[in-house]
Amino acid sequence: MFKTFQDNLLAFYQSFPIEKPWQADRDPYKIWLLEVLSQQTRMEQALPYYRRLVDRFPKIELLADASEDDLFALWKGLGYYSRARNLHNTAKYITSEREGQFPRTYADIIKLNGVGPYTASAIASFAFREDVAVLDGNVHRVLSRVFGIAKTIQRGQDKDEFQNLANKLLIKGQSDIYNQAIMNFGSTHCKPQNPNCGDCNISEICYAYQNEKVGVLPPPKLRPILRDRYFHFVFVKSKDNIYLRKRMEKDIWQGLYEGVVQENKDLDVDFWQTQKLDIAGLLWSPWLKQVLSHQRIWMKIAIIESENWSSTNFQAFHTSELKNIAFPRVVSKWIEAHGFD
DNA sequence: AAGACGGGGGT
DNA sequence: ACCCCAGTCTT
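Residues numbered from 1 in each chain as written. Chains lettered and ligands numbered in written order. Predicted model: local features only at pLDDT ≥ 70, side-chain atom pairs only at ≥ 80, totals over all residues. Heavy atoms only, no water.

What follows deals with the overall build of chain A. Across its full length, chain A carries 14 helices and 7 strands. For the C-alpha atoms alone, the extent of chain A along its principal axes is close to 75 × 50 × 35 Å. Each of the 341 residues in chain A was classed as buried or not, and the buried ones make up 49%. Sequence-distant contacts in chain A: of pairs separated by 6 or more residues, those separated by 24 or more amount to 67%. With 44 positive and 40 negative side-chain charges, chain A shows a spacing of 4 Å between the two charge centroids. (Helix = DSSP H or I, 4+ residues; strand = E, 2+ residues; numbered from the N terminus. Buried < 20%, exposed > 50% of the residue type's maximum accessible area, 1.4 Å probe, protein only. Contact = heavy atoms within 4.5 Å. Lys, Arg positive; Asp, Glu negative; His and termini not counted. Charge placed at Lys NZ, Arg CZ, Asp CG, Glu CD.)

And the structure:
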């Protein structure tokens with residue numbers, strides 16, 4: 001039974017091979033880069049970022065030497081910015097503590113910052129053909145449907161069950177091909193919505209297809225209730241300079257830049273007075289909305305002209321530099337549409 | 001075990 | 001406008 005599933009999977013892979021950009025040299029550094037970019041991110045979205053990063057930092061030593069702001073500028077818009085921070089720290093660690101040698105086993109790779117079970121398996125199998133099975137969202141969906149397991153992987157115990165099944169199915173000695181095949185199959189064919197069951201060579205052994213349960217497998221994940229947050233965001237402008245500060249708090253958008261921000265639904269005159277800013281008659285944007293997986297962000301943005309304004313933690317940037325500054329997406333979208341005039 | 005952490009695509 | 005998608009770290 002397992003053999004049939006695997007044979008069909010490999011047959012599928014022959015007809016839908018997907019070239020990875022690191023295929024030529026299988027450099028674990030490049031594989032790591034692409035896998036980290038792909039966490040919680042579709043491949044099509046990650047690829048342009050991958051190309052810019054590899055182009056700019058073809059060797060791990062160059063990534064280690066980069067400034068965090070430069071890295072964030074290249075990461076801007078992709079989200080989950082702690083990935084960029086971990087990437088940077090790990091590049092520095094490998095360069096200085098391991099003489100640039102990327103670890104070569106799952107056990108060592110998973111010790112790296114920002115690398116969990118999925119990414120460690122992917123790197124160990126793609127770069128070194130170690131017999132470790134990946135378990136990502138695609139693999140979970142495929143196994144849930146084909147083997148009729150109506151469970152999410154939110155509980156550790158259930159995740160272990162899927163991981164054990166994935167390990168059993170793994171074709172030893174061909175973990176790179178097998179892992180690639182099952183993820184490709186999940187992302188291009190056994191999709192979350194409208195899977196292509198009519199043209200699937202696995203459907204004959206697929207529990208969900210045979211029992212008309214494709215629509216209900218895997219079961220939906222429990223989602224956290226969204227919290228609403230409101231921000232008033234002001235760019236202070238003096239001639240051609242804009243004052244910005246880097247968000248250092250343990251909060252959303254850590255490491256990104258912002259103007260003067262009051263987090264509140266209503267304008268607090270006292271707050272703006274302490275910032276020495278007169279916001280009377282300011283032209284605010286409408287409420288701009290950005291939905292994150294756990295928060296609903298509402299933001300009003302305005303520009304205020306103020307000569308000789310200064311405040312601790314704020315730094316002046318010439319308006320021409322701002323395209324290389326990482327802002328939250330909702331802010332950069334507003335900048336693209338509005339500009340600073 | 002539960003919550004925090006961005007953003008994009010399909011319908 | 002609404003619904004769905006997806007790994008790692010921290011608490």
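Split into domains, chain A comes out as domain 1 (2-216) and domain 2 (227-338). Relative placement of domain 1 and domain 2: their C-alpha centres are 36 Å apart. With 9 residues of domain 1 at the contact, the number on the domain 2 side is 13 residues. Each partner contributes to the roughly 830 Å² buried at the junction of domain 1 and domain 2, and carbon and sulfur atoms together form 48% of this total. When the area that domain 1 buries against domain 2 is broken down by residue, the three leading residues are Asp69, Lys76 and Tyr81, summing to 50%. (Domains from an automatic or database assignment. Buried area = accessible area lost by both parts, 1.4 Å probe.)

With that out of the way, let us pick up the protein's contact with DNA strand B. Residues in close proximity to DNA strand B total 21 residues, the closest being Tyr80, Tyr81, Ile252, Trp253 and Gln290. Backbone atoms, meaning sugar and phosphate, make up 61% of the atoms of DNA strand B lying within 4 Å of the protein. Interatomic distance of 2.9 Å between a backbone N/O atom of Gly77 and a sugar or linking oxygen of DNA strand B. Across the surface near DNA strand B, the residue classes break down as 7 nonpolar, 11 polar and 3 charged. (Near = heavy atom within 4 Å. Polar contact = N/O pair within 3.5 Å; in protein donor to acceptor, adjacent residues only side chain to side chain. Nonpolar A, V, L, I, M, F, W, Y, C, P; charged D, E, K, R; others polar.)

What follows is about the packing of helix 2 (residues 28-38) against helix 8 (residues 117-128). A pair of packed helices can be characterised by two numbers: the angle between their axes and the separation between those axes. Relative orientation of the contacting elements helix 2 and helix 8 amounts to 145°, with a least axis distance of 10 Å. Considering the relative orientation of helix 2 and helix 8, their crossing is right-handed. Mapping the contact onto sequence places Pro28, Ile31, Trp32, Glu35 and Val36 in helix 2 and Tyr118, Thr119, Ala122, Ile123, Phe126, Ala127 and Phe128 in helix 8. Looking at the contact of helix 2 with helix 8, its residues break down into 10 nonpolar, 1 polar and 1 charged. (Axes fitted to C-alpha atoms, helices over the stretch in contact; angles between N-to-C directions. Left-handed = near helix turned anticlockwise from the far one by under 90°.)

Of all residues adjacent to DNA strand C, which total 20 residues, the nearest are Gly114, Gly116, Thr119, Gly137 and Arg141. For DNA strand C, the backbone portion of the atoms within 4 Å of the protein, that is sugar and phosphate, comes to 64%. Contact between DNA strand C and Tyr118: a phosphate oxygen at 3.1 Å from a main-chain N or O atom of the residue. Here Thr119 contributes a side-chain N or O atom positioned 2.6 Å from a phosphate oxygen of DNA strand C. Secondary structure elements with two or more residues in the surface near DNA strand C: helix 8 and helix 9 (137-147). No other element matches the 3 residues that helix 8 contributes to the surface near DNA strand C. Counted by class, the surface near DNA strand C contains 6 nonpolar, 8 polar and 6 charged residues.

Moving on, we get to unusual backbone geometry. Cis geometry is adopted by the peptide bond preceding Pro218, which originates at Leu217 and carries an omega value of -10°. Checked against the element boundaries, Pro218 lands in the loop between helix 12 (207-210) and strand 1 (227-238). Positive phi, normally seen in glycine, also occurs at Tyr80, with a value near 45°. With respect to the element layout, Tyr80 can be found in the loop between helix 5 (68-75) and helix 6 (82-97).

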